[in-house]
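Listed here are the chains, written in short residue letters.
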Amino acid sequence: MKEDNNYSIIRDNQFLQHGVRFFCLGMVILLHLFVRNILGIGSPDIIVLLVNVFAFVILNPYEALCFYCFLIPFKTGIGMHAITLMYCIIYFLRKLKGKHIFVQKSFFLLIIVVCIELINTLMGSANYAEWLRFSVYVVWLYTAWQVLDDCEWNSAFISSMIKCFLFSFTFAALVVLIVNSKNTSLIEVVSGTTRIGKTSNYSNLNDMLISFHVNDLAVFCTSAVSFALVLIQNKHLKPVIGYALIGFYLFIGMLTQSRMFIVSLISIVVLIIVLQKRGRIKIIIPLILIVLAILYLYQNGFLPVIDEIMRRFKSTDMATGNGRTEIIEIYNNLMLSHPLRTLIGFGVIDYSTYTITEAAHNGTQEMILGIGILGSFCLLSWFIKIIFEAQSFAKKTLFQNGFNYIPLVSLVLSMQFTQFLSQYHMLVLLLLTVVLIGLTDDGIMNK
C-alpha cells in the first residue's frame, strides 16, 4: 500500500469519518434535483457542472470516485459526459502534481478502441461529438481502475462505491415515480396504463433532469437488486436494509413492465441456486417472502400492473423475440456485406444510417457494429484483465467467489436485449459489476 494521506482513510477503515464534505455535496445535488424535477423550478445547467467540479477538487481521489458513483443515475441536462471529463482531468492533474503517473500496458488496449472510433469518425460514419463522448468514458474506465489499483481493491472502498450508487439510484427512481405520477396519476402508473420512465409515447418527461428510458430503468433495477444481494452476502449491508431496497427495486422494475426485467430476475435466482452452495436458504427465503408480499398485494387489487406484464408476455412474438431477431438479421447482413468495415466497426450510434432500423437491440452485436471485431477484442480483453485482478484481490477461489459474479452475469444477459455501447452509463455499470468481484467479507459491519 502506498503511503499517502489520501490512501490512509482506506487503510485505517475510516472512510465515513471523512465523508462530511461528501454528504454535504450530496445534499446539494439532491436539493437541486428536488427543485428542478418535483417542484418544476428551472435552473441553469452550468450550476450542475460547477457543483461537481467543485466537489472533485475538494474531495480526495476515493471520495471523488464515490461521489461520481453517486452521480451515475442522474443524467443531467449538461450531461454526464461533461462531468465525467471534468473528473478525469482533475484526477490526472492531481497525479501530475504528485509526479507519480504510471501508464499500464492495458491502457493501450483502450487507446486502440478510441483510435478505431476516431477512424470511423474520419470516414464519415460517426461524428466528432460522439467520438469525444465515447472517448471520455473509455478514459474514465482507466481512471477509475487507477484509483482502485492505488487502494489495492480495498473492500471498504468498493462497498462505499456501490452504496453510493444504490442510495442515489433509490432517490432517482423515486423521483421518476413521483414525476410520472404527477403527469398522469399514481393509480394509472400502478395499474399499468402507462410505463414508468421516459418513452416515445410519454414525451412529457423530456425536461426531467433524471431521464431514464424504461429499458435503462429496468436494467438499473436488476443491477441494483444483484448489488444489494452481494453486499448482504459479504456482510457490507444489513439484511433488513438490503431486502427493503430490493423490495423497492422490484416494485419500480415491475412498473417499467419490462419483460427483460422479469427474465433477468429469474436468471439471478437461478444463479444464486447454482453458485451459492452454502447459506443459499438465507438468501432465498427473504426473496420468497418479498415475492409472496407482492402476490398478496396483487391478489388484493393493489398491483394490477402485474396483469399488464402478463399480457405483454402473452402478446410477445417468441419466435422473433418481439422483432429482435429481424433486427439482428439486418445487422448481420450488413456486417457480412462489409467484412473490412466489420473489422473496425461502423461507428458508435451512427451505424444506423446504413440500415432502415434506428439501433441494435443486442448489446453484443451493437458492440461489434460500433467498434468492430478489433475494438471489441481490445475492450473485452481490458475488462477480462480487470476481472482477473479483482478475483486475485478477492482472496477466494473462483468457486468460492461465484456469488460475486452474479451482477456481472445478469448484466451481460440483460444487455443481450438492449443497447450497450451507445448507452454510456452501461459502460459505467459494467465496471461496477466487475469491481464487485473483488469484494470480500472483512467483517466491516462488526467494526
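Refer to the structure presented above.
Residues numbered from 1 in each chain as written. Predicted model: local features only at pLDDT ≥ 70, side-chain atom pairs only at ≥ 80, totals over all residues. Heavy atoms only, no water.

### Observations regarding the side chain of Thr222
Right, on to step 1. Looking at the secondary structure, you find Thr222 in helix H10 (residues 214-233).
Right, on to step 2. The contacts of Thr222, once residues within four sequence positions are left out, are Phe261, Ser264, Ile268 and Ser414. (Helix = DSSP H or I, 4+ residues; strand = E, 2+ residues; numbered from the N terminus. Contact = heavy atoms within 4.5 Å.)

### Here we look at H10
In an α-helix, one turn spans 3.6 residues; hence positions three or four apart end up facing the same way.
Right, on to step 1. Along its 20 residues, H10 runs 29 Å from first to last C-alpha, staying within 8% of the 28 Å computed at 1.5 Å per residue.
Right, on to step 2. Taking burial as the measure, the 20 residues of H10 include 19 buried ones, the bulk of the element.
Right, on to step 3. Trailing H10 by a residue or two, Lys235 shows a phi angle of about 60°, which is positive. (Expected span 1.5 Å × (residues − 1). Buried < 20%, exposed > 50% of the residue type's maximum accessible area, 1.4 Å probe, protein only.)

### A closer look at the pattern of salt bridges
Right, on to step 1. Applying the stated criterion across every chain yields a total of two salt bridges.
Right, on to step 2. Among the ionic pairs, Arg133 bridges to Glu130, the shortest N-O distance being 2.8 Å. Of this pair, Arg133 and Glu130 both sit in helix H7 (residues 128-150), separated by three residues, roughly a single helical turn.
Right, on to step 3. Given a relative accessible area of 25%, Arg133 falls into the partly exposed group.
Right, on to step 4. Among the salt bridges present, the one from Lys385 reaches Glu389, with a minimum N-O distance of 3.6 Å. Taken as a pair, Lys385 and Glu389 lie in helix H17 (residues 363-393) at a separation of four residues, close to a single helical turn. (Salt bridge = Lys/Arg side-chain N within 4 Å of Asp/Glu carboxyl O.)

### Considering the packing of helix H4 (residues 61-71) against H7
Right, on to step 1. Remark: H4 packs on H7, axes separated minimally by 10 Å, with the N-to-C direction vectors making an angle of 135°. Relative to H7, H4 is oriented oblique. Read as a crossing pair, H4 and H7 show a hand that is left-handed. Across the interface between the two elements, Pro61, Tyr62, Leu65 and Tyr68 from H4 touch Tyr137, Trp140, Ala144, Val147 and Asp150 from H7.
Right, on to step 2. Along the lines of polarity and charge, the residues of the contact of H4 with H7 split into eight nonpolar, no polar and one charged. (Axes fitted to C-alpha atoms, helices over the stretch in contact; angles between N-to-C directions. Parallel < 35°, antiparallel > 145°, perpendicular 65-115°, else oblique. Left-handed = near helix turned anticlockwise from the far one by under 90°. Nonpolar A, V, L, I, M, F, W, Y, C, P; charged D, E, K, R; others polar.)

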